[in-house]
Amino acid sequence: MLKICTVYFDGFYTPDYVARFYDSLKKYSTVDFQSVCISDTDVKADVVLPYNHNSKIVKHWHKLKFFSPQFAYQNPDDEIIIMDIDQVIVNNIDDLLNHPVEENELVTYGQWWSDALKFNGGFYKFKSGSLRKIWDDFALNPEFWQLNYYNKGIVHKKYYGEQNYVGNKVKEHNYKLTLTPHEWVTKYTDDYAENLKLNKMYMDKFDTDYMILDNEVNEKLKVVHFTGVGRKINENYLL
Amino acid sequence: MRIICCRFGNKFNQWHVDNLKHMIDEYSGLKYDSFEVIEDDLYGNWFNKFQMYDRFRDGENLYFDLDMVIYDKLPNLIRKDFTLLDDTWWRAPAHTPLNSSIVSWTGDVSYIWDKFREQDDFYVDTYTKGSDEWYYKFIDYKTYDKVCPSIKDYIYQQPPQFSVCTLGQMHHLQEKGWSGWYSNYFLTH
């Protein structure tokens, strides 16, 4: 079974993010999947598991639980996808959800708009349990890892750095890292000037006429990720 | 014989108390006269446990933390003298060798409570890593032999030669959604 896993907690987004995400997965794919959401309130998902506010694990770091084969009722043959809910699906994503993955391999978004990170953590796909050390290492000392990249000045907001952690653990444990085609995903924001710049970069990198133009979305683009500190989905700038 | 546990704050709830009792009743082989739960939140942290030394001044007493897995018949853990766990056989040296996840004594050890109450505010402010360091510095104690490993070394395989594990920092394993060998012994959520 394919499980598509997300995390929601009160404080920044709203439960309708999960519903919108779930509905768009259904709308833009023909793939059979089960959606699982760690949440502190009722949300639209096939399975909802509790978000524990009294845990030492905080915010989006709960995502890492899905790397454990003991979480979310995983079976050995399952394929697991973890996705952020601050994404808008804009074209068919069957190729994304069905992206082949092997044991000990992490498939994640290739990203093109920044040199700071090799990949974008809005999408992780792997075979159930095959990357368990990503969770096991974290679970030994979550308080350390959750602030490690902030304390070292690598990220500039507390509790950021989950992508850095996953990337480092992939290297440390010699897991294979596979990036999806870069043109499948873009960052987008509510800043007009920044979006113009992103459009220009996309056109140059992928030799196309546009990325997002008014209500038109380039056919190569599958997912728009409203990534960045304090960023929310702003559909006025998209569809 | 008296079984004791302590629940306060938001970290643990009634499920955790019921779960401990369930594991004791189903798997431990322990026969006890009363199951006591300390719920008065005097200090907002682990020093609340010390109330048991004031309240229970007679008979055989056996205390368990709520974040344990009891999965088989326990060895005799009842002790005459004040006894707690020594963790140094499974973990690196830390601020204390002791772990009060399991504690036993017979009779009156209220001197522990009295000693603590002399300067409780100071102790709570000073020993911020836990009450186990306080025992180490101020109380004469005995320790158990190797009876209770940490689950961190046995996440994927039930430790065969023991009957109880501490979850340590891995409280998440008691949350809904986790399915390992340990969850077979927990109450269903």
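Structural data are supplied above this passage.
The residue numbers shown here count from 1 along each chain, following its written sequence. Lettering of chains starts at A and numbering of ligands starts at 1, both following the order in which they are written. Side-chain atom pairs in this predicted model are given and counted only at pLDDT of 80 or more, local residue features only at pLDDT of at least 70, and totals for whole chains, interfaces and linings cover all residues. Side-chain measures here rest on the full set of heavy atoms in the structure, leaving out hydrogens and waters.

(A) Local environment of the overall build of chain B. A run of DSSP states H or I qualifies as a helix once it reaches four residues; a run of E qualifies as a strand once it reaches two. Both are numbered from the N-terminal end. Along chain B, the regular secondary structure elements total five helices and eight strands. Taken from the N to the C terminus, the helices and strands of chain B come in the order β-α-β-α-β-β-β-β-α-α-α-β-β. Here the globule rule is a power law, 2.2 Å times the number of residues to the power 0.38, and the radius of gyration is based on C-alpha atoms. What you see for chain B is a C-alpha radius of gyration of 16 Å, in line with the 16 Å of a compact globule of 189 residues. C-alpha atoms of chain B, sized along the principal axes, occupy 45 × 35 × 30 Å. Among the 189 residues that make up chain B, the fraction classed as buried is 54%. Partly exposed describes any residue whose relative accessible area lies between the buried limit of under 20% and the exposed limit of over 50%, with all areas from a 1.4 Å probe on protein chains only and scaled to the type maximum.

(B) Broad picture of the interface of chain B and chain A. In what follows, residue pairs with any heavy atoms lying within 4.5 Å of each other are defined as contacts. At the interface, 15 residues of chain B touch 20 residues of chain A. We define buried area as the total accessible area lost by two parts upon association, computed with a 1.4 Å probe and summed across both. Between chain B and chain A, roughly 1600 Å² of surface is buried when both sides are summed, and carbon and sulfur atoms account for 51% of that area. We define a salt bridge as a side-chain nitrogen of Lys or Arg found within 4 Å of a carboxyl oxygen belonging to Asp or Glu. Seen at the junction of chain B and chain A, the total is one salt bridge. Of the charged contacts in the structure, one is a salt bridge between Glu175 of chain B and Lys65 of chain A, with a shortest N-O distance of 3.0 Å.

(C) Spotlight on helix α4 (residues 142-151) of chain A. Residues and elements named next belong to chain A. Buried within α4 we find Pro142, Trp145, Gln146, Leu147, Asn148 and Tyr149. The secondary structure elements touched by the buried residues of α4 are α3 (132-140) and α5 (162-172). Looking one or two residues beyond α4, the residue adopting positive phi is Gly153, at roughly 80°.

(D) Geometry of the pattern of salt bridges. Residues and elements named next belong to chain A. Taken as a whole and assessed by the stated rule, the structure comprises 25 salt bridges over all chains. Linking Arg20 and Asp16 is a salt bridge whose minimum nitrogen-to-oxygen distance equals 4.0 Å. In this pair, Arg20 and Asp16 are both assigned in helix α1 (residues 15-27), four residues apart and thus about one turn of the helix distant. We classify Arg20 as partly exposed; its relative accessible area is 26%.

(E) Fine view of the packing of aromatic side chains. All names here are of chain A. Stacked, tilted and edge-to-face are the three classes assigned to paired rings of Phe, Tyr and Trp, where Trp is represented by its six-membered ring and a pair needs centres within 6.5 Å; plane angles under 30 degrees give stacked, over 60 edge-to-face, the rest tilted. Using the criterion set out here, one finds 52 aromatic pairs over all chains in the structure. Relative to Phe138, the ring of Trp135 has its centre 5.6 Å away and its plane inclined at 50°; by these criteria the two rings are tilted. Here Trp135 pairs with Phe138, and both are found in helix α3, just three residues apart, close to one helical turn. Lysine NZ or arginine CZ positioned within 6 Å of the ring centre and within 35 degrees of the ring normal marks a charge as sitting over the ring. Sitting above the plane of the Tyr17 ring, Arg20 keeps its charged end 5.0 Å from the centroid.

(F) Representation of the sheet that holds strand β6 (residues 98-106) of chain B in the model. All names here are of chain B. The six strands lie next to each other as β2-β1-β3-β6-β5-β7, forming an open sheet whose pairing is mixed. Bordering the open sheet on either side are β2 (34-38) and β7 (142-143), each of which pairs with just one other strand. Two strands are counted as paired when DSSP detects at least two bridges linking them. With three bridges connecting them, strand β1 (residues 2-6) and strand β3 (residues 60-64) associate as parallel partners. Bridge assignment links Arg2 to a residue of β3, and that residue is Asn61.

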